[in-house]
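In case you want the letters, here they are:
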Amino acid sequence: AIDANDAEGSNMGLIAGEKLSVEEIMTGILVTSANEGCNALAEHMAGSMDDYVVMMNEEAEKMGLENTHFVTTNGLPDPEHYTTARDLAIIAREFFSYDLLCRLSSTPYVEMPETDLHNEHNIYSKNKLYKNRDYEYPYLVGSKTGYTDEARQTLVSCAEKDGTKLICVILMEEAPYQFQDTVNLFDY
(Lines give C-alpha, C1' and ligand atoms only; values in the text may rest on other atoms or scores of the structure.)
Protein backbone atom coordinates (compact mmCIF):
# COMPACT_ATOMS: atom_id res chain seq x y z
CA ALA A 1 0.00 0.00 0.00
CA ILE A 2 2.75 2.44 0.94
CA ASP A 3 5.15 1.70 -1.92
CA ALA A 4 2.57 1.22 -4.71
CA ASN A 5 2.73 4.88 -5.81
CA ASP A 6 5.40 7.34 -6.81
CA ALA A 7 6.79 8.80 -3.58
CA GLU A 8 6.64 12.27 -5.18
CA GLY A 9 2.85 12.05 -5.59
CA SER A 10 0.38 13.29 -3.00
CA ASN A 11 0.83 11.46 0.28
CA MET A 12 0.45 11.85 4.01
CA GLY A 13 3.82 10.34 4.86
CA LEU A 14 2.62 6.93 6.04
CA ILE A 15 5.30 4.49 7.13
CA ALA A 16 4.81 0.73 6.67
CA GLY A 17 3.62 -0.79 9.94
CA GLU A 18 2.33 2.51 11.33
CA LYS A 19 -1.02 2.24 13.10
CA LEU A 20 -3.67 4.91 12.50
CA SER A 21 -7.45 4.90 12.76
CA VAL A 22 -9.66 4.71 9.70
CA GLU A 23 -10.73 8.31 10.37
CA GLU A 24 -7.09 9.45 10.47
CA ILE A 25 -6.43 7.77 7.11
CA MET A 26 -9.62 9.29 5.66
CA THR A 27 -8.44 12.66 6.93
CA GLY A 28 -5.17 12.24 5.04
CA ILE A 29 -7.05 11.22 1.90
CA LEU A 30 -9.47 14.15 2.00
CA VAL A 31 -7.09 16.85 3.22
CA THR A 32 -3.93 16.08 1.27
CA SER A 33 -4.98 13.47 -1.36
CA ALA A 34 -2.95 10.73 0.31
CA ASN A 35 -2.48 8.15 -2.44
CA GLU A 36 -0.89 5.65 -0.08
CA GLY A 37 -3.74 6.26 2.37
CA CYS A 38 -6.24 5.16 -0.31
CA ASN A 39 -4.23 1.99 -0.81
CA ALA A 40 -3.91 1.29 2.92
CA LEU A 41 -7.64 1.83 3.50
CA ALA A 42 -8.40 -0.45 0.53
CA GLU A 43 -6.21 -3.22 1.97
CA HIS A 44 -7.83 -2.78 5.37
CA MET A 45 -11.38 -2.91 4.02
CA ALA A 46 -11.08 -5.55 1.31
CA GLY A 47 -7.85 -7.42 1.97
CA SER A 48 -6.16 -6.11 -1.17
CA MET A 49 -6.19 -3.10 -3.45
CA ASP A 50 -7.49 -5.24 -6.33
CA ASP A 51 -10.39 -6.58 -4.28
CA TYR A 52 -11.26 -3.05 -3.17
CA VAL A 53 -11.35 -1.86 -6.79
CA VAL A 54 -13.83 -4.67 -7.49
CA MET A 55 -15.96 -3.32 -4.62
CA MET A 56 -15.68 0.21 -6.05
CA ASN A 57 -16.92 -0.95 -9.47
CA GLU A 58 -19.78 -2.91 -7.88
CA GLU A 59 -20.83 0.20 -5.95
CA ALA A 60 -20.57 2.33 -9.11
CA GLU A 61 -22.96 -0.06 -10.83
CA LYS A 62 -25.41 0.07 -7.90
CA MET A 63 -25.31 3.89 -8.04
CA GLY A 64 -26.21 3.83 -11.73
CA LEU A 65 -22.91 5.30 -12.89
CA GLU A 66 -22.94 4.69 -16.62
CA ASN A 67 -19.50 6.01 -17.62
CA THR A 68 -17.22 5.14 -14.73
CA HIS A 69 -14.73 2.33 -14.36
CA PHE A 70 -12.18 2.13 -11.54
CA VAL A 71 -8.75 0.50 -11.78
CA THR A 72 -6.86 2.30 -8.99
CA THR A 73 -7.91 2.99 -5.42
CA ASN A 74 -6.85 6.62 -5.65
CA GLY A 75 -7.64 7.87 -9.13
CA LEU A 76 -4.09 7.78 -10.42
CA PRO A 77 -3.96 7.35 -14.21
CA ASP A 78 -4.70 4.14 -16.02
CA PRO A 79 -6.20 3.88 -19.53
CA GLU A 80 -9.10 1.84 -18.12
CA HIS A 81 -9.76 4.16 -15.16
CA TYR A 82 -12.30 6.82 -16.13
CA THR A 83 -15.37 8.76 -15.10
CA THR A 84 -17.51 11.73 -16.17
CA ALA A 85 -18.68 14.95 -14.56
CA ARG A 86 -22.20 13.51 -14.32
CA ASP A 87 -21.02 10.38 -12.54
CA LEU A 88 -18.82 12.40 -10.17
CA ALA A 89 -21.84 14.56 -9.34
CA ILE A 90 -23.81 11.42 -8.43
CA ILE A 91 -20.95 10.22 -6.23
CA ALA A 92 -20.69 13.69 -4.66
CA ARG A 93 -24.40 13.78 -3.85
CA GLU A 94 -23.95 10.61 -1.79
CA PHE A 95 -20.59 11.71 -0.34
CA PHE A 96 -21.87 15.08 0.86
CA SER A 97 -24.79 13.43 2.67
CA TYR A 98 -22.38 12.31 5.43
CA ASP A 99 -21.46 14.85 8.12
CA LEU A 100 -18.00 13.32 8.73
CA LEU A 101 -17.09 13.52 5.03
CA CYS A 102 -18.35 17.10 4.82
CA ARG A 103 -16.24 18.05 7.83
CA LEU A 104 -13.10 16.35 6.52
CA SER A 105 -13.53 17.76 3.01
CA SER A 106 -13.72 21.30 4.37
CA THR A 107 -10.61 21.06 6.55
CA PRO A 108 -7.64 23.19 5.44
CA TYR A 109 -5.01 21.46 7.60
CA VAL A 110 -4.73 18.87 10.36
CA GLU A 111 -2.17 18.10 13.02
CA MET A 112 -1.64 14.36 12.62
CA PRO A 113 -0.94 12.74 15.99
CA GLU A 114 2.32 11.05 16.88
CA THR A 115 2.42 7.31 16.27
CA ASP A 116 4.91 4.65 17.27
CA LEU A 117 6.75 5.32 13.96
CA HIS A 118 6.03 8.97 13.22
CA ASN A 119 6.33 12.31 14.99
CA GLU A 120 3.33 14.63 15.10
CA HIS A 121 3.15 16.52 11.81
CA ASN A 122 0.80 18.76 9.84
CA ILE A 123 -0.89 18.00 6.54
CA TYR A 124 -2.39 20.70 4.34
CA SER A 125 -5.01 21.02 1.61
CA LYS A 126 -4.39 22.99 -1.58
CA ASN A 127 -8.09 23.86 -1.78
CA LYS A 128 -8.56 27.62 -2.16
CA LEU A 129 -12.33 27.58 -1.47
CA TYR A 130 -11.79 27.24 2.28
CA LYS A 131 -12.12 30.04 4.82
CA ASN A 132 -9.33 32.62 4.66
CA ARG A 133 -8.17 31.33 1.28
CA ASP A 134 -8.07 33.16 -2.08
CA TYR A 135 -11.50 31.97 -3.29
CA GLU A 136 -13.22 31.50 0.06
CA TYR A 137 -16.83 30.45 -0.52
CA PRO A 138 -19.10 31.17 2.47
CA TYR A 139 -21.69 28.49 1.65
CA LEU A 140 -19.20 25.66 1.08
CA VAL A 141 -20.21 22.32 2.56
CA GLY A 142 -17.08 20.54 1.37
CA SER A 143 -14.78 20.22 -1.59
CA LYS A 144 -12.13 17.85 -2.94
CA THR A 145 -9.30 18.78 -5.26
CA GLY A 146 -7.54 16.45 -7.66
CA TYR A 147 -4.67 16.59 -10.09
CA THR A 148 -2.83 14.36 -12.52
CA ASP A 149 -0.86 15.35 -15.61
CA GLU A 150 -3.54 13.74 -17.79
CA ALA A 151 -6.64 14.96 -15.94
CA ARG A 152 -5.18 18.38 -15.02
CA GLN A 153 -6.93 20.19 -12.16
CA THR A 154 -10.24 18.73 -10.98
CA LEU A 155 -12.55 19.95 -8.26
CA VAL A 156 -15.76 18.47 -6.84
CA SER A 157 -17.60 20.74 -4.41
CA CYS A 158 -20.86 21.15 -2.56
CA ALA A 159 -22.46 24.36 -1.30
CA GLU A 160 -25.72 24.99 0.52
CA LYS A 161 -27.71 28.18 0.92
CA ASP A 162 -31.28 28.67 2.12
CA GLY A 163 -31.89 24.91 2.10
CA THR A 164 -30.71 24.41 -1.48
CA LYS A 165 -27.69 22.17 -1.91
CA LEU A 166 -25.65 22.36 -5.12
CA ILE A 167 -22.90 20.12 -6.48
CA CYS A 168 -20.24 21.47 -8.85
CA VAL A 169 -17.79 19.31 -10.82
CA ILE A 170 -14.88 20.90 -12.66
CA LEU A 171 -12.71 18.69 -14.87
CA MET A 172 -9.57 19.28 -16.91
CA GLU A 173 -8.99 22.84 -15.77
CA GLU A 174 -5.85 24.88 -15.15
CA ALA A 175 -5.11 26.50 -11.79
CA PRO A 176 -6.62 28.64 -10.35
CA TYR A 177 -9.61 28.57 -12.69
CA GLN A 178 -11.14 25.47 -11.10
CA PHE A 179 -11.80 27.63 -8.02
CA GLN A 180 -12.99 30.70 -9.95
CA ASP A 181 -15.30 28.59 -12.11
CA THR A 182 -16.73 26.80 -9.08
CA VAL A 183 -17.55 30.09 -7.35
CA ASN A 184 -19.05 31.50 -10.55
CA LEU A 185 -21.20 28.40 -11.13
CA PHE A 186 -22.41 28.32 -7.51
CA ASP A 187 -23.29 32.02 -7.67
CA TYR A 188 -25.08 31.56 -11.00
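In this text the structure is predicted, and so the values were computed from the model without any measurement. Every chain is numbered independently, its residues counted from 1 as its sequence is written. The predicted nature of this model means local features are confined to residues of pLDDT at least 70 and side-chain atom pairs, given and counted, to a pLDDT of 80 or more, with totals for whole chains, interfaces and linings taken over all residues. Excluded from the side-chain calculations are hydrogens and water; all other atoms, namely the structure's heavy atoms, are used.

Enquirer: Whenever I open this one, the overall build of the protein confuses me. Can you help?
Expert: Counting its regular elements, the protein contains six helices and five strands. Secondary structure counts use DSSP, requiring at least four H or I residues in a row for a helix and at least two E residues in a row for a strand, with both numbered from the N terminus. For the protein, the succession of helices and strands along the chain, N to C, is α-α-α-α-α-β-β-β-β-β-α. A principal-axis box enclosing the C-alpha atoms of the protein has dimensions of 50 × 35 × 30 Å. Relative accessible area decides the class of each residue, using a 1.4 Å probe on protein chains only: under 20% of the type maximum gives buried, over 50% gives exposed, and in between gives partly exposed. Within the protein, the proportion of its 188 residues that are buried is 41%. In the protein, of all internal contacts separated by at least 6 residues, the share reaching a separation of at least 24 is 43%. Values of accessible area rely on a 1.4 Å probe in the Shrake-Rupley scheme; residue burial ignores everything except the protein chains shown. Surface exposure of the protein reaches about 10800 Å², of which carbon and sulfur atoms provide 49%. The sign given to each residue is positive for Lys and Arg and negative for Asp and Glu; His and the chain ends receive no count. The atoms used to mark charge sites are NZ of Lys, CZ of Arg, CG of Asp and CD of Glu. Placing the 13 positive and 33 negative side-chain charges of the protein at their respective mean positions leaves the two points 8 Å apart. Only heavy atoms enter the contact rule, under which two residues are in contact if any of them lie within 4.5 Å.

Enquirer: Before we go on, may I ask you to explain the nonpolar core in this structure?
Expert: When a protein is soluble and globular, its nonpolar side chains tend to lie buried together. Judged by nonpolar contacts, the single largest core of 24 residues is most densely connected at Met-12, Ile-25, Phe-96, Ile-123 and Val-156. Of all elements in the fold, only helix 1 (22-32), helix 2 (35-46), helix 4 (85-95), helix 5 (99-104), strand 1 (109-112) and strand 4 (152-161) reach the threshold of two or more residues within this core. Counting residues per element, this core draws most heavily on helix 1, at five residues. Residues contacting Met-12, with those up to four places away along its chain left out, are Leu-20, Glu-24, Ile-25, Gly-28, Thr-32, Ala-34, Glu-36, Met-112, His-121 and Ile-123. Residue types Ala, Val, Leu, Ile, Met, Phe, Trp, Tyr and Cys, when buried and joined through side-chain atoms within 4.5 Å, form a set referred to as a nonpolar core. Among the nonpolar cores identified, the runner-up in size contains eleven residues, and Leu-129, Tyr-137, Leu-140 and Phe-186 belong to it.

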